[in-house]
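Observations on the model geometry
The residues making up each chain are set out below.
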Amino acid sequence: HEFSGYIESAGNGVTGLAHGDRVCAHIIRSCGVCEACIAGHANLCRNLKVMGTQIPGCFAEYVAVPASKVYKLRPDADLRMFALAEPLAVGSYATMESGMTLGKSAFVIGGGPIGICCGLSARMAGATDVVFSEVSPQRIEFLKSFGFRVMNPMEGDAQKTAMELSGGRGYDVVYETSGVPAGSELVARVGAVRSTGMMVAITNKPQPIDTWAMIRNEMRLKTIRVHQQPAYEAAVRMIESGVINEDLKKLITHEFSFEQLQEAFDFSVADTTHCKVMIDFHADEA
């Protein structure tokens, strides 16, 4: 579901798209008739289908996408960058929903690809300080390469360390991207007065939240599910502008050819140091 490519052919009645155009596409398919869709929240569709999950994804020679979901790119667009528009859209959507503005601070729990995209989006939206909580030594060093401040919650008192790094004030927006109970517990404990807690990680079981810490600061707790199309478009526009690309391209730590697809999957499962593994389908030869 994270992809870019070329148009092979456009359907009947489709205008503005032609063979050879470089494109990327939004991954959500909604029914358009349920209460969520009618209210303008297609990402919450009661019949939601996502490419690569409920419907065929992009590990195929061809994939069909509605024209309304397709974004035509410049002829010289770097397709590697636009394959990252989808994870960046998650960070963009979380940041849009958080109300991040100039001069605010952000605390990101979890330093994986989605956490990084949240940090980059927060910084683009005006965050003047972005601090990460991450336990992996390798990821800690990786996060520092983006200019983020990083703490290891396993070293000492996580809440105390986080608060000290904020000067005792706490953070305006706290992004939870780790999906682990300890991360959820920390959200409310490091928020500033009237801060926002953004639950980004998808979990398969209930997670603990410190409700008293939330009440004490009137913290607003918000969640997101995938992302809405305007957030995807915002990610595409950021990449098109080039303002985020030097940081974004660092996410691609390993690349494989299509002929190495099985090797790429095996590597992704076995290796613990990679960030994003990219598959090149030789699109530039189209």
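See above for the structure.
Before going into details, it helps to say that this report is about the structure given with it.

Definitions and limits used
Residues numbered from 1 in each chain as written. Predicted model: local features only at pLDDT ≥ 70, side-chain atom pairs only at ≥ 80, totals over all residues. Heavy atoms only, no water. Helix = DSSP H or I, 4+ residues; strand = E, 2+ residues; numbered from the N terminus. Buried < 20%, exposed > 50% of the residue type's maximum accessible area, 1.4 Å probe, protein only. Contact = heavy atoms within 4.5 Å. Pairing = 2+ DSSP bridges. Axes fitted to C-alpha atoms, helices over the stretch in contact; angles between N-to-C directions. Left-handed = near helix turned anticlockwise from the far one by under 90°. Disulfide = S-S within 2.5 Å.

**Digging into the environment of V187**
Relative to the helices and strands, V187 is located in helix α7 (residues 181-187). Taking the relative accessible area as the measure of exposure, V187 reaches 1% and is therefore buried. It is 9.2 Å that separates the C-alpha atoms of V187 and L221, two residues lying 34 residues apart in sequence. Leave out the neighbours within four places in its chain, and V187 touches I109, V174, E176, G197, M199, M219 and L221.

**Some thoughts on the side chain of N217**
Among the structural elements, N217 can be located in helix α8 (residues 211-217). Sequence-distant contacts of N217, that is, excluding residues within four places in its chain, are made with G191, A192, V193, R194 and S195.

**Description of the pairing of strand β9 (residues 171-176)**
Most of β9 is tucked away, with 6 of its 6 residues classed as buried. Of the strand pairs in this sheet, strand β6 (residues 105-109) and β9 are connected by 4 bridges, and their pairing is parallel. Counterpart to F107 in the pairing with β9 is V174.

**A short note on the packing of helix α3 (residues 85-98) against helix α9 (residues 229-241)**
Each pair of packed helices can be summarised by the angle the axes make with each other and by the distance between the axes. Following both chains from N to C, one finds α3 and α9 inclined at 115 degrees, their axes separated by 8 Å at the closest point. For the crossing formed where α3 meets α9, the hand is right-handed. Residues A85, E86, L88, A89, S92, Y93 and M96 of α3 lie in contact with α9, whose contacting residues are P230, A231, Y232, A234, A235, V236, M238 and I239.

**Things to note about unusual backbone geometry**
Unusually for a residue other than glycine, E218 sits at a positive phi of about 50 degrees. Positionally, E218 belongs in the loop between α8 and β11 (220-223). Look at E218 and you get partly exposed, because its relative accessible area is 41%. One non-glycine residue, V226, adopts positive backbone phi at about 50 degrees. With respect to the helices and strands, V226 occurs in the loop between β11 and α9. Since its relative accessible area comes to 23%, V226 is described here as partly exposed.

**Details of the state of the cysteines**
By the definition in use, this model includes 0 disulfides. Here C31 stays unpaired: no disulfide links it, and the sulfur of C45, its closest cysteine neighbor, is 3.5 Å away. Residue C31 is classed as partly exposed on the basis of its relative accessible area of 30%. Free cysteine: C58, not disulfide-bonded; nearest cysteine sulfur from C24 at 12 Å.

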